[in-house]
Number of protein chains: 2
Amino acid sequence: MVGAGQLARMTQQAAIALGVDLRVLAGARDESAAKVIVDTRLGDYRDLADLREFAKGCDAVTFDHEHVPTEHIRALIAEGHSVHPGADALVHAQDKAAMRERLTAIGVPCPAWTRVSALADVTEFADRHGWPVVLKAVRGGYDGRGVWVCSTPDEAREALATGVALLAEAFVPFERELAVLVARSPHGQGVSYPVVETVQQDGICVEVIAPAPDLSGEDAATAQNIALTIARALGVTGLLAVEMFATSTGLVVNELAMRPHNSGHWTIEGARTSQFEQHLRAVLNLPLGSPSLAAPVVVMANLLGGPDPDVYSRYEHVMANDPGIKIHFYGKDVRPGRKIGHVTALGTDLDEVRARAHHAVTCLRGPLNA
Amino acid sequence: MVGAGQLARMTQQAAIALGVDLRVLAGARDESAAKVIVDTRLGDYRDLADLREFAKGCDAVTFDHEHVPTEHIRALIAEGHSVHPGADALVHAQDKAAMRERLTAIGVPCPAWTRVSALADVTEFADRHGWPVVLKAVRGGYDGRGVWVCSTPDEAREALATGVALLAEAFVPFERELAVLVARSPHGQGVSYPVVETVQQDGICVEVIAPAPDLSGEDAATAQNIALTIARALGVTGLLAVEMFATSTGLVVNELAMRPHNSGHWTIEGARTSQFEQHLRAVLNLPLGSPSLAAPVVVMANLLGGPDPDVYSRYEHVMANDPGIKIHFYGKDVRPGRKIGHVTALGTDLDEVRARAHHAVTCLRGPLNA
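Looking at an unreviewed UniProt entry, chain A carries the name N5-carboxyaminoimidazole ribonucleotide synthase, with the source organism given as Microbispora oryzae. Within the UniProt record for chain A, the comment given under Subunit (unreviewed entry) is "Homodimer." Listed under Sequence similarities (unreviewed entry) in UniProt, the entry text for chain A is "Belongs to the PurK/PurT family."

Written out as structure tokens, the structure is:
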């Protein structure tokens, strides 16, 4: 697995059970996954020589992020490596313009969009679709970075001033956000997890509710079909997370990710097969595991760092308060606003389960003034 | 954790989630846990200098087996280390005579027993309690090793000829075997997992059923009380597994273990808190986690090696046949009869869940003639 963040770290838990020897390519020994994986290789994921050395002897190569240059992935595949997802699929998670073009071509509902390079492009787009206009970096954005919701030409000018390639999207007046996580194996098997609702604050996912409350069976099937259709059409191998807007007129696809995804962390305890085990099974071309729920209601809440870095000292209270809460700490240095862990609560009553998860992350984050 | 077998390996999965930095003392780099734990130290658990070096800087020291000499544990504690379980508790899991003396003293039901050193001791014991007589090595036995069920004086003579210290126990005509896993923390909190039924073949546990079928609430509470009483009386910190015989006249305690135990592997998916997480919480003096069941029926079946060492090639069939089966492979060399992994099945119908677990281990073991 190229990249040694928390996704690789949690993949190691699944690899241990399956007896899969997991190797990671890390930038430094103190990265989240490097702390828990013996076969950690140091190197630069942007360097083809490092990638080649890393891939030697691996049965399969996969990723914990989308930042490996597409041409390097093509080179590894040309040299005989089994890389999942492949470059032709992954480019759609790396390049938002390529993603929009392809989804539009296969009939998947997207917001109105266009490439923009000057203010005139943005104002012309706004003339047709109205303000606000959402400007997005074509490459490299995550967790709200690389996204500008612009209400005026002046705000658009600021985004354009960054100099990165941008596309404009119509602002979608959504009722809520949903996500569908699917897995697809090289031999074409596909499975979909239940549709979840995601709650974002400042562009960062703070809460995931599984299954999405009050979603009809028909709407859930529609959302799952969209995700499975994208996985097949794009030739995805491994996991695909599809983030969607639920609007009064239907679903609109927002973003794609081709790896274990924050919207799937609930599956560690909440589904029969965790997304991390599922990803390993998919990239190793093993039959996929059951995505069924392990409890009627599962809520995952992200733990963002607060000013006081000592999270561990707050375990006592959180564990005593709720013996059923599941804490996941990524072993990362605590910085305000940084994703440093998550908690999962399981139960039967939605309000109660949400309150438990919320209480746990609030306590773990600690005092707001250190 | 001193020892780097599969118990330490599975403890690492829990340590990753909690953000606990787990260090193990291994005999060799290729031991089960050493393959998945970065902070692996090589050394001899029988050597006090190695133990001292290992314990330096650890918040707590615990064990994946019971073979560390009691006097070394006392030395570490005297030098200020936090060791769980402590020597005064652990000796009862190391020395079966000490265990029988103590359990008898606190009124826990045990089989009739005595120390024996010559054939005359055994025949005198048999005169009072009948044949067969069960001879057990006072120290060092496991998985049926160090236990001789003797039907005649000649068979007892063979066991005596081994030269190890022995005790004799009356053979218990049991209806079935039960096990209770409890955790106790240094500040005295205790929790008990549901009582399970264990099935042994040739002295090795092959199957664990949670909860024990057709056990009345009263009998379950009695069994849990026995285990919690032992944990408190012996001052156990960490996990205590109590293996019991269910007889027509009540429960009789067979064996104790003070560490994660084979009879608790089902808790990884089958309980809200796995025994490995529970052990970490207990030895770190954190509040204990909920032991409640995650499914109505959970069955764990041990995977014993067959003549064909290639287990992995059989994953495809097993996973395709049952997408909900959970495979745990310990990364150990496959040898016939060796515990190399386990599977867990969860569901609602006992017969169906048992059949799924049995099918999976039978397939994974492979052909009986390689």
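A. Local environment of helix α2 (residues 48-55) of chain B. Residue and element names in this part refer to chain B. What α2 keeps buried is the set L48, L51, F54 and A55. Along the axis of α2, the buried residues cluster in a sector spanning 125 degrees; they form a single face. The elements touched by buried residues of α2 are β1 (23-26), β2 (39-42) and α3 (70-78). One side-chain oxygen of the residue at the start of α2 lies 2.9 Å from the amide nitrogen of A49, identifying that residue as D47. G57, located one to two residues past α2, shows a positive phi value of around 85 degrees.

B. Main features of the relation of the copies chain A and chain B. With an RMSD of 0.0 Å, chain A superimposes on chain B once it is rotated by 180 degrees and translated 0.0 Å along the axis. Taken together, these values place the two copies in the relation of a two-fold axis.

C. Broad picture of the domain arrangement of chain A. Domain boundaries in chain A define domain 1 (6-83), domain 2 (112-170) and domain 3 (176-365). Distance between the C-alpha centres of domain 1 of chain A and domain 2 of chain A: 34 Å.

D. A look at the UniProt feature "binding site: ATP" (unreviewed entry) in chain A. Residues and elements named next belong to chain A. Here, the residues flagged by UniProt with the feature "binding site: ATP" (unreviewed entry) are K96, K136, E169, A170, F171, V172, E177, N254 and E255. Note on placement: A170 falls in strand β6 (residues 166-170). You can call A170 buried: its relative accessible area is 14%. When neighbours within four sequence positions are excluded, A170 is seen to be in contact with P111, A112, F125 and H129. Counting through the fold element by element, F171 comes out in the loop between β6 and β7 (176-184). Relative accessible area serves as the criterion here: at 40%, F171 is assigned to the partly exposed category. Apart from the residues within four sequence positions on either side, F171 is in contact with P132, V134 and V149.

E. Representation of the interface of chain A and chain B in the model. If you look at the interface, chain A gives 37 residues, while chain B gives 37 residues. Carbon and sulfur atoms make up 57% of the area that chain A and chain B hide from each other, which totals about 3,300 Å². For the chain A face of the interface with chain B, the top three residues by lost area are I16, R272 and M319 of chain A, together amounting to 20%. Seen at the junction of chain A and chain B, the total is 2 salt bridges. One salt bridge connects E277 of chain B with K326 of chain A, and the closest N-O pair in it is separated by 2.8 Å. Summed over the shared surface of chain A and chain B, the result is 13 residue pairs in polar contact (both at pLDDT 80 or more).

F. How the structure looks around the side chain of H72 of chain B. All names here are of chain B. By secondary structure assignment, the location of H72 is in helix α3. For H72, a relative accessible area of 13% gives the class buried. The residues contacting H72, other than those within four sequence positions of it, are Y45, R46, D47, L48 and L51.

G. Seen up close, the sheet that holds strand β3 (residues 113-116) of chain B. Residue and element names in this part refer to chain B. Taken in spatial order, the 4 strands make up an open sheet running β3-β6-β4-β5, and their pairing is antiparallel. Of all strands in the sheet, those with a lone pairing partner are β3 and β5 (147-150), marking the two edges. Across this sheet, the average inter-strand angle for adjacent strands is 25 degrees, counted without regard to direction. Sitting on the sheet, helix α7 (residues 153-160) is in contact with β4 (133-137), β5 and β6 (166-170), with an inclination near 165 degrees to β5.

H. Main features of a nonpolar patch on the surface. Together, V147, V149 and F171 of chain A make up an exposed nonpolar region whose accessible area comes to about 230 Å². Looking at where V147 of chain A falls in the secondary structure, it is placed in strand β5 (residues 147-150).

I. View of the packing of aromatic side chains. Residues and elements named next belong to chain B. Summed over all chains, the structure comprises 6 aromatic pairs over all chains. Taking 6.2 Å as the distance between ring centres and 80 degrees as the angle between the ring planes, the aromatic pair formed by Y193 and W266 counts as edge-to-face. With Y193 in the loop between β8 (190-192) and β9 (196-201) and W266 in the loop between β12 (250-257) and α9 (267-270), this residue pair connects regions lying 73 residues apart in the sequence. What makes W266 buried here is its relative accessible area of 1%.

J. Fine view of unusual backbone geometry. Residues and elements named next belong to chain A. In this model, W131 is joined to P132 through a cis peptide bond whose omega is -5 degrees. Take P132: it is sitting in the loop between α6 (119-129) and β4 (133-137). Each neighbour pair has its own omega, and for A210 with P211 the value is -10 degrees, a cis peptide bond. You can see P211 is positioned in the loop between β10 (204-210) and α8 (217-234). In the Ramachandran plot, D202 falls in the positive-phi region, its phi being about 55 degrees despite a non-glycine side chain. Residue position: D202 is located in the loop between β9 (196-201) and β10. Classification of D202 by relative accessible area gives exposed; the value is 79%.

K. Up close: the sheet that holds β4 of chain A. All names here are of chain A. Read from one edge of the open sheet, 4 strands run β3-β6-β4-β5, paired in antiparallel fashion. The open sheet is flanked by β3 (113-116) and β5, the only strands paired with a single partner. Recorded for the sheet is a direction-independent mean angle of 25 degrees between the axes of neighbouring strands. Two strands pair when backbone bridges link them, and β4 and β6 are joined in this way by 5 bridges, in the antiparallel orientation. Paired with L135 across the strands is A168, a residue of β6.

L. Highlighting the pattern of salt bridges. A complete count under the given rule lists 42 salt bridges over all chains for this structure. Overlapping salt bridges bring together K96, R100, K136, E169 and E255 of chain A as one network.

About the cut-offs
Within each chain, residue numbers correspond to sequence positions counted from 1 in written order. All chains are assigned letters beginning with A, and all ligands numbers beginning with 1, in the order in which they are written. Only residues with pLDDT of at least 70 get local features here, since the model is predicted, and only at 80 or more are side-chain atom pairs given and counted; chain-wide, interface and lining totals rely on the full set of residues. The basis for the side-chain values is all heavy atoms of the structure; hydrogens and waters are excluded. UniProt positions are given in the numbering used here, feature names are shortened, and annotations may be inferred rather than shown by experiment. Each residue gets one of three labels from its accessible area relative to the maximum for its type: buried under 20%, exposed over 50%, partly exposed in between, using a 1.4 Å probe on protein chains only. Each helix corresponds to a stretch of at least 4 residues labelled H or I by DSSP, and each strand to a stretch of at least 2 residues labelled E; elements are numbered beginning at the N terminus. Each direction from the helix axis to a C-beta atom contributes to the arc, which is the arc of those directions. When checking whether two residues touch, look at their non-hydrogen atoms; a contact exists if any pair is within 4.5 Å. The definition of a polar contact used here is a pair of N or O atoms within 3.5 Å, where within protein one atom must be able to donate a hydrogen and the other to accept one, and adjacent residues in sequence count solely through side-chain atom pairs. We place the copies in one frame by least squares, fitting the C-alpha atoms of every residue whose pLDDT is at least 70 in both. Where each domain starts and ends follows an automatic or database-derived domain assignment. Here the buried area means the combined drop in accessible surface, using a 1.4 Å probe, for two parts upon being joined, counting both sides. Take a side-chain nitrogen of Lys or Arg and a carboxyl oxygen of Asp or Glu: if they are within 4 Å of each other, that pair is a salt bridge. We call two strands paired when DSSP finds no fewer than two bridges between them. Axis definition: a line fitted to C-alpha atoms, limited for helices to the stretch in contact. Angles are taken between N-to-C directions and run from 0 to 180 degrees. Only residues whose relative accessible area exceeds 30% and that take part in no salt bridge are eligible for patches, with like-charged residues grouped when within 9 Å of each other and nonpolar side chains (Val, Leu, Ile, Met, Phe, Trp, Tyr) grouped when within 5 Å. In these tables, accessible area is a Shrake-Rupley quantity obtained with a 1.4 Å probe, and a residue counts as shielded only by the protein chains included in the view. Aromatic rings from Phe, Tyr and Trp, taking only the six-membered ring of Trp, are treated as a pair when their centres fall within 6.5 Å; an angle between ring planes under 30 degrees marks them as stacked, one over 60 as edge-to-face, and anything in between as tilted.

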